[in-house]
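Examination of the molecular architecture
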Amino acid sequence: MQVLEAAVAANPWPLRRERAAELAERYPHAAEMLRLYQALTVVQEAAYRLPSPENIAAAAAEYVLPGVIDVTVEAGPRALRDGVIALFASEDMGGLIQRWMEQKSLNPFETYLARASASPLLEAMTTSTSSISPPPLGGEGQGGGMSQHCPNCGGLPQLSYFAVSGEALVSGPRYLVCSRCANNWIFSRMMCAGCGESNGTKLPIYQEQEQFPHARVDGCQSCRKYLLTFDLRRETRAVPIVDEIAALPLDLYARDQGLTKITPNLMGN
């Protein structure tokens, strides 16, 4: 088990690609996006192996972005393909990616291209001894010093998951996963990852046991934000970053409750 974990830490992309293929067969509603994600993992895996660049935005625009555009045009849904092509023809891509690095407001097509291109470089730097140049934009969170921003790069959380503890009757910790560099950090089990609310009566949980028994919506009535949480004890094969793409019905339900996701995933949900 330790050998497998070390291999995944060294290169997480094959496992993500395998899980995407598995879920594409299981969930027809998400098959198109999961197949696009499969294609993107090939490009991102190559980027993950690049030497740590001095300028992430420039390196992402030069070495990663062309491949992202190619696979998106080939495998992406029409609306995304058209948006990406129009954007590429009119935009300074290096500047666009730099704005994403600085967490500036971007439209969905801009966010998709910037994130798909730069995030594997950031993730590679997270798992190496290199430091990430963008300064953290968030500080300590409310309540017990818990940080709602990634301690590595300052990014907002994408999702959370409950880890397998390895011991019977012992609950594993809850982790948040960064939407920028995929770093994981421990966070309180009963606290909003958006605003730090810790009053359990204001933290509704929504689940769909039949279709997604290992996933749930963690909402907050104070800030009206939510994220998806995955329980790896219920589905040991789950890869939260990939499973979140398949869990679109949970996102739709959360929106129906008037909640907004802390950070939409790579596919915009």
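The rules behind the values
Residues numbered from 1 in each chain as written. Predicted model: local features only at pLDDT ≥ 70, side-chain atom pairs only at ≥ 80, totals over all residues. Heavy atoms only, no water. Helix = DSSP H or I, 4+ residues; strand = E, 2+ residues; numbered from the N terminus. Expected span 1.5 Å × (residues − 1). Bend = angle between axes of the 7 residues up to and from the residue. Buried < 20%, exposed > 50% of the residue type's maximum accessible area, 1.4 Å probe, protein only. Core = buried A, V, L, I, M, F, W, Y, C linked by side-chain atoms within 4.5 Å. Contact = heavy atoms within 4.5 Å. pLDDT = per-residue confidence, 0-100. Axes fitted to C-alpha atoms, helices over the stretch in contact; angles between N-to-C directions. Parallel < 35°, antiparallel > 145°, perpendicular 65-115°, else oblique. Left-handed = near helix turned anticlockwise from the far one by under 90°. Nonpolar A, V, L, I, M, F, W, Y, C, P; charged D, E, K, R; others polar.

1. What to know about helix α3 (residues 31-48)
End to end, α3 covers 25 Å across 18 residues, agreeing with the expected 26 Å (1.5 Å per residue, within 8%). At Thr-41, α3 is bent by approximately 25°, the largest bend along its length. Regarding α3, the residues found buried are Ala-31, Leu-34, Leu-36, Tyr-37, Leu-40, Thr-41, Val-43, Gln-44, Glu-45, Ala-47 and Tyr-48.

2. Side note on the nonpolar core
In terms of nonpolar packing, the biggest core is built from 75 residues, with Leu-34, Tyr-112 and Leu-113 touching the most fellow members. It is helix α4 (residues 56-75) that contributes the most residues to this core, 10 residues altogether. In contact with Leu-113, not counting residues within four places along its chain, are Leu-65, Val-68, Ile-69, Val-84, Leu-87 and Met-93.

3. A look at the confidence of the model for the protein chain
Within the protein chain, residue pLDDT values average 88, and 88% of them lie at 70 or more. Here helix α1 (residues 2-10) stands out as the least confident element of the protein chain, with mean pLDDT 47; strand β7 (residues 260-261) is the most confident, with 98. Contacts for the low-pLDDT stretch residues 1-7, under 50 throughout, to residues beyond four places or in other chains number 0 contacts. Across residues 129-144, confidence stays below pLDDT 50; counting only partners more than four residues off in sequence or on other chains, it has 34 contacts.

4. Describing the side chain of Arg-19
Within the secondary structure, Arg-19 is located in helix α2 (residues 13-26). Using a relative accessible area of 2% as the deciding quantity, one classes Arg-19 as buried. If we ignore the near neighbours within four places in the chain, the residues touching Arg-19 are Arg-26, His-214, Glu-235, Arg-237, Ala-238, Val-239, Val-242 and Asp-243.

5. Some details on α4
Where α4 bends most, at Val-64, the angle is about 50°, and the proline Pro-66 comes one to four residues later. Every buried residue belonging to α4 is among Ile-56, Ala-57, Ala-59, Ala-60, Ala-61, Val-64, Leu-65, Val-68, Ile-69, Val-71 and Thr-72, and all of these are buried. In this fold, the buried residues of α4 make contact with α3, α5 (78-90), α6 (93-101) and α7 (108-126).

6. Looking at the packing of α4 against α6
Between two packed helices, both the angle of their axes relative to each other and the distance between the axes serve to describe the pair. Two elements in contact, α4 and α6, have axes whose closest approach is 8 Å; the angle formed by their N-to-C orientations is 125°. On the basis of the axis angle, α4 is oblique to α6. For the element pair α4 and α6, the recorded crossing hand is right-handed. Only Met-93, Gly-94, Ile-97, Gln-98 and Met-101 of α6 make contact with α4, whose side of the interface consists of Ile-56, Ala-57, Ala-60, Ala-61 and Leu-65. Its residues placed into classes, the contact of α4 with α6 shows 8 nonpolar, 2 polar and no charged.

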